[in-house]
Amino acid sequence: MDIIKIFDIISGVGTVICLNLVARYSKAWLFYSGTTILFIIVCHNRNLPGLTFMGTVLFFTGLKNYWVSRGQRNGK
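Residues numbered from 1 in each chain as written. Predicted model: local features only at pLDDT ≥ 70, side-chain atom pairs only at ≥ 80, totals over all residues. Heavy atoms only, no water.

(A) Quick look at the overall build of the protein. Along its length, the protein carries 3 helices and 0 strands. Taken over the C-alpha atoms alone, the protein extends approximately 45 × 20 × 15 Å along its principal axes. Put simply, of all contacts in the protein between residues at least 6 apart along the chain, 56% involve residues at least 24 apart. Surface exposure of the protein reaches about 5,200 Å², of which carbon and sulfur atoms provide 68%. (Helix = DSSP H or I, 4+ residues; strand = E, 2+ residues; numbered from the N terminus. Contact = heavy atoms within 4.5 Å. Areas by Shrake-Rupley, 256 points an atom, 1.4 Å probe, with all protein chains shown as cover.)

Structure (structure tokens):
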């Protein structure tokens, strides 16, 4: 099994898991950002520029959501 297929499976499963955990744990957004990196690698390797761009935007969205949720939990 090649590494791209493994990254594809991990990014898909990881995304579903962390989106179910974000309501409870704000650090799940960091895990989400990690899975989007794998998604970006897969899409770039398969020459899918639109999905690569989308993955990049989702990476930054995950980081932003982490910072926002961390601030809300700290009472800011």
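(B) A look at the confidence of the model for the protein. Mean pLDDT for the protein: 93, with 97% of residues reaching 70 or above. Across the protein, element-level confidence peaks in helix α2 (residues 28-45) with a mean pLDDT of 96 and bottoms out in helix α3 (residues 49-73) with 93. (pLDDT = per-residue confidence, 0-100.)

(C) Looking closely at unusual backbone geometry. A positive phi angle, close to 60°, is found at N47, a residue other than glycine. Along the chain, the position of N47 falls in the loop between α2 and α3. Classification of N47 by relative accessible area gives exposed; the value is 65%. (Buried < 20%, exposed > 50% of the residue type's maximum accessible area, 1.4 Å probe, protein only.)

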